[in-house]
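So the chains spell out like this:
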Amino acid sequence: MTVYSPGRANLIGEHTDYNDGYILPFAIKKYVKIEIESSERFKIFSKQVKKGIEFEAPLKTNSWADYVIGMVVKLREHGYKVEPFNMVLDSELPMGAGLSSSAALEVGVGYAISQLMGYEIEREELAKIAHECEVDFVGVRCGIMDQYAVALSKEDHALFIDTMTREYKYVPLYLDSAKLYLINSGIKHELGNSEYNKRRHECELALESMKKSSFRDVTMEDIDKLSDPVLRKRALHVITENERVLKTLSALESDNLLLVGRYLYESHESLRDNYEVSCEEIDFLIEELRKYPDVLGARIVGAGFGGSVIVLARDNFEEIFKKVAELYTMKYGITPSLMNVETSSGVFRVDSI
Ligand code: GLA
């Protein structure tokens, strides 16, 4: 049996998903492919890294295989039966490109196991289990965005999630007069590295200093009272980004793509200056894109420190991209790549190919 698990992009709402904030991600038509069958022993082979591993007891390996092994552990912890399987993985999602290849793998593995074993897991529950796998087993304190987007997305829609209540709704993404694109900068981020966890910690410290238990209760006056300039910037990002997500929702509803684009640029500025998760190469891309009126907006996507840029642009964007890519390659010696964004549904099974 074969399962396809999509990567995700995020229109807006970055670094808000672990701060009780709002997010607007969607799944993309780029997949991790998982083939699974019953077996005597656990066997996993990755075509991408050209390596395999066999095991009986699911123990941590500190390698790519932990996304699979962690799901075995977590499903069992939640009372789901998992018997040995033979699994072959392949992926068209670049790793470290900010498109959530790890969540695609976790959610996909969980879904494939449930299908093999013959039970259904509610998609929200699947997202929660995959999130636990990432946090407790792999050891990255990520928010819930990626696993929710991979499990719950719907074609032609973004997923608006209030990460405080975990309530969500689907928002139509029919962008008549413009399109979404993703540019992979070719700069790999190391999500596991300490910067992501450091930002989370800084947000916790900021809340503590403001004597608040949630960013939902934080006002501009509270932020003004923060004496530590770094904590102030982090908190400022979180509350302004939340406002931008809500404003983007209204702009989408009234089909005002110029406004949507402006919020994307503003989000990038805040991620660059307040949250400090961008990098020189991506800032260069954004500044070059900004010179073209047909580019309505652009910003870094995902955890940051490299990865991809999401772009909202009018039709002739390929031409613009060529010019910007040329300058980028001249300056940094790296070739960026362009992806036409097509929205996807969440993880699904294909029986015969
Ligand atoms: C990574 C994490 C998400 C989210 C983004 C930033 O993708 O896995 O939970 O925090 O970074 O918005």
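The sections below set out a description of the structure shown in this document. Just so it is clear, the model here is predicted, and its values are computed rather than measured.

Time to look at the site of the ligand. Looking at the ligand, the residues that line it are Arg-8, Glu-14, His-15, Asp-17, Tyr-18, Cys-142, Gly-143, Met-145, Asp-146, Tyr-196, Gly-302 and Ala-303. About the coverage of the ligand: the protein hides 98% of its 310 Å² of free accessible area. Residue composition of the shell around the ligand, grouped by class: five nonpolar, three polar and four charged.

The next thing to look at is the packing of aromatic side chains. A ring pair, where both rings are aromatic, is described by two values, the distance of the centres and the angle of the planes. Evaluated as defined, the whole model comprises 14 aromatic pairs. When the ring of Tyr-4 is compared with that of Tyr-31, the centres are 5.7 Å apart and the planes differ by 80°; the resulting orientation is edge-to-face. One end of the pair, Tyr-4, is in strand β1 (residues 2-10); the other, Tyr-31, is in strand β3 (residues 25-38), with 27 residues separating them in the sequence. Assigned by exposure class, Tyr-4 and Tyr-31 land together as buried. Here the aromatic rings of Phe-284 and Tyr-332 are separated by 5.7 Å at their centres, their planes lie at 80°, and the arrangement is edge-to-face. With Phe-284 in helix α9 (residues 280-289) and Tyr-332 in helix α10 (residues 317-332), this pair connects stretches of sequence that are 48 residues apart. Linked through ring pairs, Tyr-4, Tyr-31 and Phe-348 together constitute an aromatic cluster. Over the face of the ring belonging to Tyr-265 we find Arg-290, whose NZ or CZ atom lies 4.2 Å from the ring centre.

Within the structure shown, the criterion is met by 25 salt bridges. In this structure, the salt-bridge partner of Arg-141 is Glu-204, at a minimum N-O distance of 2.8 Å. Here the residue Arg-141 occupies a position in the loop between α3 (123-138) and α4 (145-152), and Glu-204 occupies one in helix α5 (residues 194-209), the gap between them amounting to 63 residues. Taking the shortest distance from any N to any O, the salt bridge between Arg-244 and Glu-241 comes out at 2.9 Å. Of the two residues, Arg-244 and Glu-241 are both situated in helix α7 (residues 229-253); the distance of three residues between them amounts to about one turn of the helix. Neither Arg-244 nor Glu-241 differs from the other in exposure class; each is buried. Members of the salt-bridge network, linked through shared partners, are Glu-269, Arg-272, Asp-273, Glu-287 and Arg-290.

This paragraph deals with the nonpolar core. Counting 124 residues, the largest nonpolar core has Phe-26, Val-311 and Phe-317 as its most contacted members. Non-local contacts of Val-311, meaning those with residues more than four positions away in its chain, are made with Lys-179, Leu-180, Tyr-181, Ile-183, Leu-289, Val-295, Gly-297, Ala-298 and Phe-317.

Looking now at the side chain of Gln-115. On the secondary structure map, Gln-115 appears in helix α2 (residues 101-117). Note on Gln-115: relative accessible area 12%, which makes it buried. Ignoring sequence-local partners within four residues, the contact set of Gln-115 consists of Met-1, Glu-120 and Arg-349.

Along the chain, Ser-91 turns up in strand β6 (residues 85-91). Among the polar contacts made by the side chain of Ser-91, one reaches the main-chain amide nitrogen of Leu-93 at a distance of 2.9 Å. Discounting residues that sit within four places of it in the chain, Ser-91 has contacts with Tyr-31, Val-32 and Gln-48.

Cut-offs used in this document
Residues numbered from 1 in each chain as written. Predicted model: local features only at pLDDT ≥ 70, side-chain atom pairs only at ≥ 80, totals over all residues. Heavy atoms only, no water. Near = heavy atom within 4 Å. Areas by Shrake-Rupley, 256 points an atom, 1.4 Å probe, with all protein chains shown as cover. Nonpolar A, V, L, I, M, F, W, Y, C, P; charged D, E, K, R; others polar. Phe/Tyr/Trp six-rings, centres within 6.5 Å; stacked < 30°, edge-to-face > 60°. Helix = DSSP H or I, 4+ residues; strand = E, 2+ residues; numbered from the N terminus. Buried < 20%, exposed > 50% of the residue type's maximum accessible area, 1.4 Å probe, protein only. Lys NZ or Arg CZ within 6 Å of the ring centre and 35° of its normal. Salt bridge = Lys/Arg side-chain N within 4 Å of Asp/Glu carboxyl O. Core = buried A, V, L, I, M, F, W, Y, C linked by side-chain atoms within 4.5 Å. Contact = heavy atoms within 4.5 Å. Polar contact = N/O pair within 3.5 Å; in protein donor to acceptor, adjacent residues only side chain to side chain.

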